[in-house]
Amino acid sequence: MNILLLGSGGREHAIAWRLTQSPLCQQLFVVPGNAGTASLATNISLNPNDFPALKELVLNQKISLVICGPEEPLVNGVQDYFKQDSELAGVRFIGPSAEAARLEGSKAYAKEFMAEFNIPTAGYRRFTAATLDEGLAYLENRRPPIVLKADGLAAGKGVVILNDVGEAQEELRAMLEGKFGAASNEVVVEDFLDGIEFSVFVLTDGKNYRILPVAKDYKRIGVGDTGPNTGGMGSISHPPFVDPDMMARVEQQIIMPTLEGIQARELDYKGFIFIGLISVNNDPYVIEYNCRMGDPETQSVMARLNNDFVQLCLETADGQLDTAVIDMDERQAATVVLVSGGYPGAYEKGKVITGVEQVTDSMVFHAGTKTNEAGELVTNGGRVLAVTSYGETFQEALKKSYASAKLISWEGVNYRPDIGFDL
Ligand code: AMP
Ligand code: GLY
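Here the structure is a predicted model, which means the values were calculated and not measured.

Reading the values: the criteria
Residues numbered from 1 in each chain as written. Chains lettered and ligands numbered in written order. Predicted model: local features only at pLDDT ≥ 70, side-chain atom pairs only at ≥ 80, totals over all residues. Heavy atoms only, no water. Near = heavy atom within 4 Å. Polar contact = N/O pair within 3.5 Å; in protein donor to acceptor, adjacent residues only side chain to side chain. Areas by Shrake-Rupley, 256 points an atom, 1.4 Å probe, with all protein chains shown as cover. Nonpolar A, V, L, I, M, F, W, Y, C, P; charged D, E, K, R; others polar. Helix = DSSP H or I, 4+ residues; strand = E, 2+ residues; numbered from the N terminus. Buried < 20%, exposed > 50% of the residue type's maximum accessible area, 1.4 Å probe, protein only. Contact = heavy atoms within 4.5 Å. Salt bridge = Lys/Arg side-chain N within 4 Å of Asp/Glu carboxyl O.

Draft legend 1. Just the site of ligand 2, in detail. In the vicinity of ligand 2, the residues found are Asp217, Gly231, Phe274, Arg292, Gly294, Asp295, Pro296 and Glu297. Between a nitrogen atom of ligand 2 and a main-chain N or O atom of glycine 231, the distance comes to 3.2 Å. Here a nitrogen atom of ligand 2 sits 2.9 Å away from a polar atom, N or O, in the main chain of aspartate 295. Contact with the protein chains covers 89% of the free accessible surface of ligand 2, which is 200 Å². Considered class by class, the residues forming the shell around ligand 2 number 2 nonpolar, 2 polar and 4 charged.

Take a look at the structure:
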């Protein structure tokens, strides 16, 4: 069958890599893709939020399966658009409806959902411009650190953690005055949770679910988890502190009630649930829901997911995940992300990348890359490449990823040298 994948990151390159290994995959199209997906599939230069253009592509290319990588088209209703169009009736779609994607698209919605279905998460209050004074008074009595979250999607920048009540009050005011545009029309103030984070990925057909390999990602730019947040600087799978006992609790206390909530609210959810968790004294709490896979977790997760991924997507779309068996690679996987100098702040694009073809011990997944007019591979974003390796242990996998990363260079290349060192 012909398949369409939406997105352009390292996550999408890793998904494309698995999809094209399936005998069920005839032709893969990626919108818009990157230089890495171009080596496996046909990139189509369209905006994933231009739904009529996607429809035309799907009809013209006889595409029968669509997989949405990033959250934005989902929150904007791409699944609903496909479901409501009679000409697209036979097309299977992986990704939730806009209403279900609010689990990621609205922090307030997610918190309310967790409260209703008894899912452990940090205590919280919600404020809008109309209740600003109440919010300021509430903060007056909080003990820092104080967590402020813009309700809507804010390109990963909408969470601010402050160590001072006055600063938190100023931030609350700025957010409600439009610091993140409409995304911060409402702000969630959360209790701070102190612990270690990990990412659990669930594939669901809305009723049944399967748990994919667990990962841990490294969000900060600097060594020792310092400096500003990024999209993610590295990942490992499986994080050793997530033992079977912890996973049993995650399943009982978080995954099962989440699925119950999805059914109770009749949410149309066929796709990935990425649950950002934090272990506090060995108890799991939800930090956030995402309605998609994580990046760069996916690169490590896909490395370990040996299933025919097209088959798994079909079982998801057709409500048949109850018979699916997850085939997990016993080896460990580790990913190191190579970024542009300056990222996550301002950075230059168009730097010529060398050495990728010398890598033999790892997989190199592309994110912000393209081929320039001279046919050279050049940087085209903040996160540029993700180097993923296998090992008997995650340390061995990391060693390979670092050795491979050393072979790759461009002006200003940067990566964290300490992925996994805290474990
Ligand atoms: P989010 O976008 O909700 O995942 O938040 C981004 C990051 O902020 C998370 O990965 C955590 O590191 C941190 N964070 C969010 N909420 C909390 C919380 N309640 N307590 C401590 N850290 C948090
Ligand atoms: N790596 C975290 C995310 O994809 O949101």
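Having seen the model, we can carry on.
Draft legend 2. The arrangement of the environment of glutamate 104 in detail. Locating glutamate 104 in the fold gives a position in helix α6 (residues 98–105). Given the relative accessible area of 8%, glutamate 104 is considered buried. In this structure glutamate 104 touches Glu71, Leu153, Tyr289, Asn290, Cys291 and Arg292, once residues within four positions along its chain are discounted. There is a polar contact of 2.7 Å between the side chain of glutamate 104 and the backbone nitrogen of cysteine 291. At a separation of 3.1 Å, a polar atom in the side chain of glutamate 104 contacts the side chain of arginine 292.

Draft legend 3. Examining the pattern of salt bridges more closely. Under the criterion given, the structure shown has 26 salt bridges. A salt bridge links arginine 292 to glutamate 104; the shortest N-O distance between them is 3.1 Å. Highlighted residues: arginine 292 in the loop between β17 (283–290) and α11 (297–304) and glutamate 104 in helix α6, separated in sequence by 188 residues. Its relative accessible area of 12% is what places arginine 292 among the buried residues.

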